[in-house]
Amino acid sequence: MLTAEDVNRLRTEAAEVRKEAIKMATRAGTGHLGPALGITDVLWTLYSRHLKYDPKNPSWPERDRLILSKGHSCLTLYVTLAKKGFFAEELLKTYCRELDTLLGGHPECRLPGVEANTGSLGHGFCIGVGMALAAKVDRKDYKVYTILGDGETQEGSIWEGAMAAAHYKLDNLVAVVDRNNLQVSNYVDKVMNIDPLAEKWASFGWGVREIDGHDYQQIDAALSAAPFIPGKPSVIIARIVKGKGLPIAENKVEWHHKVPTAEEYREMDKLLSLGNL
Ligand SMILES: Cc1ncc(C[n+]2csc(CCOP(=O)(O)OP(=O)(O)O)c2C)c(N)n1
Ligand SMILES: [Mg+2]
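Values in this document were obtained by computation on a predicted structure and should not be read as measured data.

Draft legend 1. Molecular detail of the overall build of the chain. What the chain contains, in helices and strands, is 10 helices and 5 strands. A compact globule built from 277 residues should have a C-alpha radius of gyration of about 19 Å, and the chain, at 18 Å, falls within 12% of that. When each of the 277 residues of the chain is scored for burial, the buried share is 48%. Considering only contacts within the chain whose residues lie at least 6 apart along the sequence, 75% involve residues at least 24 apart.

Draft legend 2. Looking closely at the packing of helix H5 (residues 124-137) against helix H6 (residues 156-167). For the pair H5 and H6, the least separation of the axes is 9 Å and the interaxial angle reads 15°. When the axes of H5 and H6 are compared, the pair comes out roughly parallel. Crossing angle aside, the handedness with which H5 passes H6 is left-handed. The residues of H6 that touch H5, namely those facing Phe125, Cys126, Val129 and Ala132, are Ser157, Ile158, Gly161, Ala164 and Ala165. Looking at side-chain class alone, the contact of H5 with H6 contains 7 nonpolar, 2 polar and no charged residues.

Draft legend 3. Layout of the site of ligand 1. Surrounding ligand 1, one finds 19 residues, the nearest of these being Pro35, Gly149, Gly151, Glu152 and Gln183. Among the residues making up the shell around ligand 1, the classes are represented as 4 nonpolar, 10 polar and 5 charged.

Draft legend 4. Representation of H5 within the structure. In this model H5 runs 20 Å from its N-terminal to its C-terminal C-alpha over 14 residues, within 8% of the 20 Å that 1.5 Å per residue would give. Turning to H5, its buried residues number three or more, namely Gly124, Phe125, Cys126, Gly128, Val129, Met131, Ala132 and Ala135. Looking at the packing, one finds that the buried side of H5 touches strand S1 (65-68), strand S2 (144-149), H6 and strand S3 (173-179).

Reading the values: rules and limits
Residues numbered from 1 in each chain as written. Chains lettered and ligands numbered in written order. Predicted model: local features only at pLDDT ≥ 70, side-chain atom pairs only at ≥ 80, totals over all residues. Helix = DSSP H or I, 4+ residues; strand = E, 2+ residues; numbered from the N terminus. Rg over C-alpha atoms; globule rule 2.2 N^0.38 Å. Buried ≥ 20, exposed ≤ 12 C-beta atoms within 10 Å, placed from the backbone. Contact = placed C-beta atoms within 7 Å. Axes fitted to C-alpha atoms, helices over the stretch in contact; angles between N-to-C directions. Parallel < 35°, antiparallel > 145°, perpendicular 65-115°, else oblique. Left-handed = near helix turned anticlockwise from the far one by under 90°. Nonpolar A, V, L, I, M, F, W, Y, C, P; charged D, E, K, R; others polar. Near = placed C-beta within 6 Å. Expected span 1.5 Å × (residues − 1).

Written out as structure tokens, the structure is:
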């Protein structure tokens, strides 16, 4: 259970992560801002309270692993990793602005703290399944967390991975599905309906919880409770608002891959005190 002070701190810090991501996307003129803003609260809670890591030794063998399977949402992952000490915050300025930057439009494991190159949807989650299986084979205690999109679960590979994780009893694996109901150009249920999602995961042998992905108490409680069923992998279906925290972008399909114009930035600056670019 988080104290009111914990919740306030998480909220204030997550707001800073969002601001930085908005600035980075605006400066670069590119980025998947909506998808990245949506997962900020889950990401920040994970890195602040749950993941075991040493930013000075990113390949510490005992560390927990986080795989951003929906790799296009990397803006807020980059900011989170910088704020948690994996690399200098100064590097954030190079995001999609310098040839050979370590901070491209999709995450690469050349960057300290990134566990796998992701962006091709349906793959990161399966890499996470493999890492969780490796922990079992090696008798290691680390946990593997992976964040996937709801549209991403239309990929067949997700269900092969889900089946394998249950088969191998990977109770050290936690998947978070960003249930924002949107994908690239339309609503998920218009493109290809994935409901009933909780029942699907349960029928594949997973423990399932559904939460509000912006409620820190619920995020923290679900992450603390995993594994939900002994011997089974766990999935948290997090109801998320795509674009959360940037009012013009919230729940707007076009903000999947849109960034603020100079005019929009000025408008949002008045509301959010974003500061100079
Ligand atoms: C295999 C593959 N196909 C298509 C794409 C292009 N693509 C990038 S993001 C995206 C939509 C993803 O929707 P969702 O998983 O719901 O993520 P959200 O942005 O809503 O969090 C698509 C189709 C991709 N990255 N990988
Ligand atoms: Mg989605």
